[in-house]
Amino acid sequence: MLLLLTALVAVSLVSLLIGAGSVGPGRAIALLSGAQDSEAHFIVWELRAPRTLIGIVVGMALGVAGALLQAVARNPLAEPGLLGVSAGAAFAVALALVLGASAATLRISVAQLGALMGCVCVLSVARFRGVGNDPIRLVLAGAAFSGLLASLTSLILLYDQRAADEIRFWVIGSLAGRRLDDLLSVLPSMLVASIIVLLIARPLAALALGERVASGLGHHPNLIRWLVVACVALLVGAATAIAGPIAFVGLVVPFVARAFAGPDIRRTLWFCLPIGPLMVLSADIVSRVVVAPSELPLGVLTALCGAPVLIAVVRARRLPML
């Protein structure tokens, strides 16, 4: 954990130093050392610093949401992006934008409602006979649901060309242009979700042993599931509202966290906190420099990182059921 936290601090510093603009690492280091440079001050503190903070929060939210979803679905391939949870939030936000929603708080509420609908659909499918016990079938069902929502979002884009540019952001996902006000607007949701996670971590660990064991220990499996649904909706909805849909973070982060923490969901959740921001910030840094002075969408980089992990899990001789 100490090594991961040290790496997170280092990556956060690099995020302040490197960008696609004219302010390179040399000018940024001089600014941090006390030099007076108005252009560098604006780019580092007004653009890169909020972007870095948002990347940290989004990485934490998506990593924890992925671990919770995998634990409650008992499926290592359950991920908000693959199963349509992020697509539900993005579709809801795109629809709200076309209908004239402009306030950040309204977009966040709409995104969380869309994510909640996606969570309910995912868990409903997971309980179908033969689907929930087969990770591949569950992913295929989620892919179909995501494809449906993506098609509906495309129809919205065609319907309102004036909102096309803004809607395109919610289809791909990016941290570019995000402000500190956007982060502050999602903090209440993150706080509520954090409280829920603290309350359900121990019951969720008992649920991993089976419903009968959890009931025997005094827990209520159905209540735990609905609390997880609410928590995932809050986290994914808030992350999507400020960064758009970013796929595969909820798959890769718990996968790596379990390599450090083992099968205990409580330890896995703690390790997701630094690993999630590490992945998001690293991908965001690469997206700034690989085609400079332009930028790649963040969702493209996370997909490039996550797709090999998905293939590795699927091709494993024994795909672990959580």
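Residues numbered from 1 in each chain as written. Predicted model: local features only at pLDDT ≥ 70, side-chain atom pairs only at ≥ 80, totals over all residues. Heavy atoms only, no water.

Digging into the overall build of the protein chain
Each helix and strand in the protein chain was counted, giving 13 helices and zero strands. Reading the protein chain from its N end, one meets helices and strands in the order α-α-α-α-α-α-α-α-α-α-α-α-α. Classification of the 322 residues of the protein chain by burial places 53% in the buried group. With an accessible surface of roughly 14900 Å², the protein chain has 68% of that area assigned to carbon and sulfur atoms. (Helix = DSSP H or I, 4+ residues; strand = E, 2+ residues; numbered from the N terminus. Buried < 20%, exposed > 50% of the residue type's maximum accessible area, 1.4 Å probe, protein only. Areas by Shrake-Rupley, 256 points an atom, 1.4 Å probe, with all protein chains shown as cover.)

Details of the UniProt feature "transmembrane region" (unreviewed entry) in the protein chain
UniProt tags residues 52-69, 81-102, 108-126, 138-159, 183-205, 226-256, 268-286 and 298-316 as "transmembrane region" (unreviewed entry). The distance separating the terminal C-alpha atoms of residues 268-286 is 26 Å; by composition the span is 100% helix and 0% strand. (UniProt positions renumbered as here; feature names shortened; annotations may be inferred.)

Some words on the packing of aromatic side chains
Going through the model one piece at a time under the given rule, you end up with one aromatic pair. Ring centres 5.8 Å apart and planes at 5° place the aromatic pair Phe260 and Phe271 in the stacked group. Here Phe260, found in helix H11 (residues 249-261), pairs with Phe271, found in helix H12 (residues 265-289); they are 11 residues apart in sequence, far enough to count as distant. (Phe/Tyr/Trp six-rings, centres within 6.5 Å; stacked < 30°, edge-to-face > 60°.)

A short note on unusual backbone geometry
A positive phi angle is found at Phe248, which is not glycine, with a value near 75°. Here Phe248 lies in the loop between helix H10 (221-243) and H11.

Topic: the nonpolar core
Within the largest apolar cluster, 75 residues are counted, with the highest numbers of intra-cluster contacts made by Val58, Leu68, Leu204, Val228, Val232, Leu235 and Leu269. Apart from residues lying up to four places away in sequence, Val58 is in contact with Ala239, Ile242, Ala243 and Ile246. Core analysis: the second largest hydrophobic core is formed by seven residues, Leu17, Ala40, Ile43 and Val44 among them. (Core = buried A, V, L, I, M, F, W, Y, C linked by side-chain atoms within 4.5 Å. Contact = heavy atoms within 4.5 Å.)

Structural notes on the side chain of Thr52
Inspection of the secondary structure puts Thr52 in helix H3 (residues 38-73). Engagement of the side chain of Thr52 in a polar contact is seen with the backbone oxygen of Arg48, the distance being 2.8 Å. Once you skip the residues sitting within four places of it in the chain, Thr52 turns out to touch Ser12, Ser15, Leu16, Leu281 and Arg288. (Polar contact = N/O pair within 3.5 Å; in protein donor to acceptor, adjacent residues only side chain to side chain.)

Focus on the environment of Ser86
Mapped onto the elements of the fold, Ser86 is located in helix H4 (residues 85-98). Distance from Ser86 to Ser146, taken between C-alpha atoms, is 8.5 Å for residues 60 residues apart in sequence.

Side note on the packing of helix H8 (residues 180-207) against H10
Across the interface, H8 lies against H10 with an axial gap of 9 Å and an inter-helix angle of 155°. The orientation of H8 with respect to H10, classified from their angle, is roughly antiparallel. Along this stretch, H8 crosses H10, giving a crossing that reads as left-handed. Contacts between H8 and H10 involve Asp182, Val186, Ser189, Met190, Val192, Ala193, Ile196, Val197, Ile200, Pro203, Leu204 and Leu207 from the former and Pro221, Ile224, Arg225, Leu227, Val228, Cys231, Leu234, Leu235, Ala238, Ala239 and Ile242 from the latter. (Axes fitted to C-alpha atoms, helices over the stretch in contact; angles between N-to-C directions. Parallel < 35°, antiparallel > 145°, perpendicular 65-115°, else oblique. Left-handed = near helix turned anticlockwise from the far one by under 90°.)

Focus: the environment of Ala49
Along the chain, the position of Ala49 falls in helix H3. Take Ala49: its relative accessible area is 13%, and that puts it in the buried class. When the C-alpha positions of Ala49 and Leu180 are compared, they lie 8.6 Å apart, and in sequence the two are 131 residues distant. For Ala49, the residues in contact, after removing those within four places along its chain, are Leu16 and Val44.

Some words on the environment of Leu116
Summarising the element assignment, Leu116 is placed in helix H5 (residues 104-126). A residue is classified by how much of its surface remains accessible, and Leu116, at 34% relative accessible area, is partly exposed. Apart from residues no more than four positions distant in its own chain, Leu116 is found in contact with Val229 and Ala233.

Overview of H10
Between its first and last C-alpha atoms H10 spans 32 Å; for 23 residues at 1.5 Å apiece the expected length is 33 Å, and the two agree. In terms of burial, H10 is a largely internal element, 18 of the 23 residues being buried. Where H10 terminates, the next one or two residues include Gly244, which has phi positive at roughly 80°. (Expected span 1.5 Å × (residues − 1).)

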